[in-house]
Amino acid sequence: MNMETYAAFVLFVIVMTGTPGAGNLTMMGIGQTTGFKSAIPFLIGATVGAVSLDTMVSLGLGKIIQTSPNLSMIMKVCGTCYILYLGWKLLTMRLGSHTVDRRFTFWEGVILHPLNPKSWAMALVGFTQLADPAVPLAQQVVVFVLTFMVFQVSFHSAWGLAGTAILRTLKSGAVLTGVNCVLVAVMVGATMYALFV
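Please read all numbers here as calculations on a predicted model, not as lab measurements.

### Describing the overall build of the protein chain
Within the protein chain one finds nine helices and zero strands. When its helices and strands are written in sequence order, the protein chain yields α-α-α-α-α-α-α-α-α. The buried share of the protein chain, taken over its 197 residues, is 44%. Long-range contacts, defined here as pairs at least 24 residues apart, represent 81% of the contacts in the protein chain between residues at least 6 apart. Accessible surface, the protein chain: about 9,600 Å² in total, of which carbon and sulfur atoms supply 74%.

The following block contains the structure:
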């Protein structure tokens, strides 16, 4: 694999996984509402979901969905509903609550990336950029999936820790609720933009 190609791919992955999206904003929302520790099950689930999605896309599932308008529309509707659900859940979490009934779960994390339009777009464009017919597919899949996983976990964690820093810094419940409202608005807005623009 050409190092120039891989360096360009890594830069693409950093930009895509580091910028605001459903995963990063949800992690920040959880961190600033109930702390980073409470976000760990969701983070592990999101990692499993992202690895599964990236593997399926690199093995050809992305092309199948791209060429089927009906399947593509179903994915868009399901993805939109799930992002709206995440937003609702973030808005209804009690600030500083340590009860487990409303915490984000491992399984909510697992389905995050497979239902997230940004994740599909990242995977499709990323694998297209990296793909080289001269390199064995298995090697490409491993490099593609591991690179995305490392940066996805790193940035999700960083956004979650940033949320925790906000929780510790801002003592006003009204301000923290306002921050959550902004996070949800950006998350839903970014999803709608990815779907319809």
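Read on for the rest.
### Description of the packing of helix α3 (residues 40-58) against helix α8 (residues 137-169)
Two numbers describe how α3 lies on α8: the axes approach to 9 Å, and their chain directions differ by 150°. By the criterion of interaxial angle, the relationship of α3 to α8 is roughly antiparallel. Crossing angle aside, the handedness with which α3 passes α8 is right-handed. Residues Leu43, Ala46, Thr47, Ala50, Val51, Asp54, Thr55 and Ser58 of α3 form the contact with α8, whose own contacting residues are Leu137, Val141, Phe144, Val145, Phe148, Met149, Gln152, Val153, His156 and Ser157.

### Digging into the packing of aromatic side chains
By the definition in use, this model includes ten aromatic pairs. Here Lys89 stacks its cationic end above the ring of Phe104, 4.9 Å away from the centre of that ring.

### Considering the packing of helix α1 (residues 3-18) against helix α7 (residues 117-130)
Helix packing geometry: the angle between the two helix axes and the distance between the axes. Between α1 and α7, whose axes approach to 10 Å, the crossing angle comes to 175°. Between α1 and α7, the angle falls in the class roughly antiparallel. The segment α1 lies against α7, with Thr5, Tyr6, Ala8, Phe9, Phe12, Met16 and Thr17 engaging Lys118, Met122, Val125, Gly126, Gln129 and Leu130. Split by residue class, the contact of α1 with α7 holds eight nonpolar, four polar and one charged.

### With respect to the nonpolar core
Counting residues in each nonpolar core, the largest one holds 22 residues, and the members touching the most others are Phe42, Leu86, Leu90, Phe104, Leu112 and Met187. At the level of secondary structure, the elements contributing two or more residues to this core comprise α2 (22-34), α3, α5 (69-92) and α9 (173-196). It is α2 that provides the largest number of residues to this core, a total of five residues. Once residues within four sequence positions are removed from consideration, Leu86 is found in contact with Thr26, Phe42, Phe104, Leu112 and Met187. Of all hydrophobic cores here, the second largest spans 16 residues; its members include Phe9, Phe12, Val57 and Met122.

### So, the side chain of Lys89
Secondary-structure assignment places Lys89 in helix α5. With a relative accessible area of 7%, Lys89 lands in the buried category. Among the polar contacts listed, one links the side chain of Lys89 to the side chain of Glu108, at a separation of 2.9 Å.

### Regarding α2
Taking 1.5 Å of rise per residue, the 13 residues of α2 would be expected to cover 18 Å, and the 18 Å separating its terminal C-alpha atoms lies within 8% of that figure. Taken across its 13 residues, α2 has 13 buried, putting it largely inside the fold. One or two residues past the end of α2 sits Gly35, with phi positive at roughly 95°.

### Things to note about the side chain of His156
Along the polypeptide, His156 turns up in helix α8. The residues contacting His156, other than those within four sequence positions of it, are Gly23, Asn24, Met27, Leu43, Ala46 and His113.

### Quick word on the confidence of the model for the protein chain
For the protein chain, the mean per-residue pLDDT works out to 83, and 88% of the residues sit at or above 70. Summarising per-element confidence for the protein chain, the mean pLDDT is lowest in α9 (72) and highest in α3 (95).

### Quick word on a nonpolar patch on the surface
Judged by side-chain polarity, Ile40, Ile44 and Val48 come together as a nonpolar surface patch covering roughly 220 Å² of accessible area. The residue Val48 is located in helix α3 in this model.

### Let's talk about the state of the cysteines
For the structure on display, the rule yields zero disulfides. The thiol of Cys81 is not disulfide-bonded; the next cysteine sulfur, from Cys78, is found 6.7 Å away.

Conventions we followed
- Residues numbered from 1 in each chain as written.
- Predicted model: local features only at pLDDT ≥ 70, side-chain atom pairs only at ≥ 80, totals over all residues.
- Heavy atoms only, no water.
- Helix = DSSP H or I, 4+ residues; strand = E, 2+ residues; numbered from the N terminus.
- Buried < 20%, exposed > 50% of the residue type's maximum accessible area, 1.4 Å probe, protein only.
- Contact = heavy atoms within 4.5 Å.
- Areas by Shrake-Rupley, 256 points an atom, 1.4 Å probe, with all protein chains shown as cover.
- Axes fitted to C-alpha atoms, helices over the stretch in contact; angles between N-to-C directions.
- Parallel < 35°, antiparallel > 145°, perpendicular 65-115°, else oblique.
- Left-handed = near helix turned anticlockwise from the far one by under 90°.
- Phe/Tyr/Trp six-rings, centres within 6.5 Å; stacked < 30°, edge-to-face > 60°.
- Lys NZ or Arg CZ within 6 Å of the ring centre and 35° of its normal.
- Nonpolar A, V, L, I, M, F, W, Y, C, P; charged D, E, K, R; others polar.
- Core = buried A, V, L, I, M, F, W, Y, C linked by side-chain atoms within 4.5 Å.
- Polar contact = N/O pair within 3.5 Å; in protein donor to acceptor, adjacent residues only side chain to side chain.
- Expected span 1.5 Å × (residues − 1).
- pLDDT = per-residue confidence, 0-100.
- Patch = residues over 30% accessible without salt bridge, like charges linked within 9 Å, V, L, I, M, F, W, Y side chains within 5 Å.
- Salt bridge = Lys/Arg side-chain N within 4 Å of Asp/Glu carboxyl O.
- Disulfide = S-S within 2.5 Å.

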